[in-house]
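# Inside the fold
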Amino acid sequence: GENVEQHPSTLSVQEGDSAVIKCTYSDSASNYFPWYKQELGKRPQLIIDIRSNVGEKKDQRIAVTLNKTAKHFSLHITETQPEDSAVYFCAASIEGTNAGKSTFGDGTTLTVKP
Amino acid sequence: IAGITQAPTSQILAAGRRMTLRCTQDMRHNAMYWYRQDLGLGLRLIHYSNTAGTTGKGEVPDGYSVSRANTDDFPLTLASAVPSQTSVYFCASRPGGNSPLHFGNGTRLTVT
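Values in this document were obtained by computation on a predicted structure and should not be read as measured data. (Residues numbered from 1 in each chain as written. Chains lettered and ligands numbered in written order. Predicted model: local features only at pLDDT ≥ 70, side-chain atom pairs only at ≥ 80, totals over all residues. Heavy atoms only, no water.)

### Observations regarding the environment of Ala69 of chain B
Residues and elements named next belong to chain B. What counts, and what does not: Going along the chain from the N terminus, every DSSP run of H or I of four or more residues is numbered as a helix, and every run of E of two or more is numbered as a strand. For the exposure calls, accessible area comes from a 1.4 Å probe over protein chains only, and a residue counts as buried if that area is under 20% of its type's maximum, exposed if over 50%, partly exposed in between.
Looking at where Ala69 falls in the secondary structure, it is placed in the loop between strand 7 (64-66) and strand 8 (76-78). Judged by relative accessible area, which is 76%, Ala69 ranks as exposed. A C-alpha to C-alpha distance of 18 Å links Ala69 and Ile46, two positions 23 residues apart in sequence.

Below is the structure:
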């Protein structure tokens, strides 16, 4: 089955700096890659996703890049703010059917210091 | 109800007891999922259902069962709870195809 590895497990940055989280996946058939943000005690919520037919997607301060050849994708957060502090999860799945079971990385705890 | 509702919010359960975690969604999503979240291990899929009447096993199904009698409800049952099932359980759903998961607020279960 699919295996997703996420690095780093913890990341601390100063407010205003950029943060980058990287994930690798094992199944070359995976074609859908969402990122979720989970604040302390809350549920995971989607922040951005990318499909295998594009290499990059941006939404304001957040961007995701995908390298299908190398089977890795990354989350980029620019101009970080204290409210960006949370646990971030990447996921990979094979879409196209209703199954679409997502395999998650183990998460990155991001701390943005004011 | 808006989205996914899970109940109970938290529960302390004696080992060996039977427990059903409830999950209801009002978005008419076809696919539903149960994940458990343990510190440092991310979210691991327990069981899933592509559509009403069908279910499948995820990566950690042992000790758990599910049913999907209709579109809205997807209960998770622990037949005989063990301490290793102490975790936070999230129910999730999606319309199907290339779409993100919508999560419930989770159930924090402690098995003593």
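### Structural notes on the pattern of salt bridges
Basically, it comes down to this: In the sections that follow, a salt bridge refers to a side-chain nitrogen of Lys or Arg positioned within 4 Å of a carboxyl oxygen of Asp or Glu.
The tally for this structure, following the rule as stated, stands at 7 salt bridges over all chains. As a salt-bridge pair, Lys57 of chain A and Asp49 of chain A come within 2.9 Å of each other at their nearest N and O atoms. Overall, the relative accessible area of 33% leaves Lys57 of chain A in the partly exposed class. Among the ionic pairs, Arg44 of chain B bridges to Asp38 of chain B, the shortest N-O distance being 2.8 Å. It is possible to trace a salt-bridge network through shared partners that takes in Asp49, Arg51 and Lys57 of chain A.

### Notes on the interface of chain A and chain B
Rule in force here: Only heavy atoms matter for contacts: two residues are in contact if any of them lie within 4.5 Å across the pair. Computed with a 1.4 Å rolling probe, the buried area is the accessible surface lost when two parts are put together, summed over both parts. Whenever a nitrogen or oxygen atom comes within 3.5 Å of another N or O atom, the pair is scored as a polar contact, on the condition that within protein one atom can donate a hydrogen and the other can accept it, and that pairs from neighbouring residues in sequence are kept only if both atoms are in side chains. Note on residue categories: nonpolar means Ala, Val, Leu, Ile, Met, Phe, Trp, Tyr, Cys or Pro, charged means Asp, Glu, Lys or Arg, and polar means any other residue, Gly included.
Between chain A and chain B, the contact holds 22 residues from the first and 24 residues from the second. Both sides together, the interface formed by chain A and chain B hides about 1,900 Å², and carbon and sulfur atoms give 48% of it. Linking chain A with chain B are 0 salt bridges. Here chain A is connected to chain B by 5 residue pairs in polar contact (both at pLDDT 80 or more). Those elements that provide at least two residues to the side of chain A that touches chain B are strand 4 (32-38) and strand 5 (45-51) of chain A. Of the residues that constitute the side of chain A that touches chain B, the class distribution is 7 nonpolar, 8 polar and 7 charged.

### As for the sheet that holds strand 8 (residues 72-77) of chain A
Residues and elements named next belong to chain A. Applicable threshold: Two strands are said to pair when DSSP picks up at least two bridges between them. For helices, the fitted line uses only the C-alpha atoms of the stretch in contact; every axis is such a line through C-alpha atoms, and the angle between N-to-C directions lies from 0 to 180 degrees.
Read across the open sheet, the 5 strands follow the order 1-3-8-7-6; overall the sheet is antiparallel. With partners counted over all chains shown, the strands left at the sheet margins are strand 1 (4-7) and strand 6 (56-59), one partner each. For this sheet the average axis-to-axis angle between neighbouring strands, irrespective of direction, equals 15 degrees.

### Considering unusual backbone geometry
In this structure, Pro8 of chain A follows His7 of chain A across a cis peptide bond, with omega equal to -5 degrees. Residue Pro8 of chain B is bonded to the preceding Ala7 of chain B through a cis peptide linkage, with omega at -5 degrees. Residue position: Pro8 of chain B is located in the loop between strand 1 (4-7) and strand 2 (10-13). Positive phi, close to 60 degrees, is recorded for Gln60 of chain A, a residue that is not glycine. Topologically, Gln60 of chain A is positioned in the loop between strand 6 and strand 7 (62-67). Gln60 of chain A gets classed as exposed once you look at its relative accessible area, which sits at 79%.

### Digging into the packing of aromatic side chains
This is how the line gets drawn: Pairing of aromatic side chains requires ring centres within 6.5 Å, counting the rings of Phe and Tyr and the six-membered ring of Trp. Pairs whose planes differ by under 30 degrees are stacked, by over 60 edge-to-face, and all others tilted.
The full count for this structure, using the stated rule, is 13 aromatic pairs over all chains. With 5.6 Å between their ring centres and 90 degrees between their planes, Tyr36 of chain A and Phe103 of chain B make a pair best called edge-to-face. You can see Tyr36 of chain A sitting in strand 4 and its partner Phe103 of chain B sitting in strand 10 (residues 102-103), one on each of two chains. One exposure class covers both Tyr36 of chain A and Phe103 of chain B, and it is buried. Ring centres 6.2 Å apart and planes at 50 degrees place the aromatic pair Tyr35 of chain B and Phe103 of chain B in the tilted group. Highlighted residues: Tyr35 of chain B in strand 4 (residues 31-37) and Phe103 of chain B in strand 10, separated in sequence by 68 residues. In textbook terms, an aromatic cluster arises when at least three aromatic residues are bridged by ring pairs, as seen for Tyr36, Phe89 and Phe104 of chain A together with Tyr33, Tyr35, Phe90 and Phe103 of chain B.

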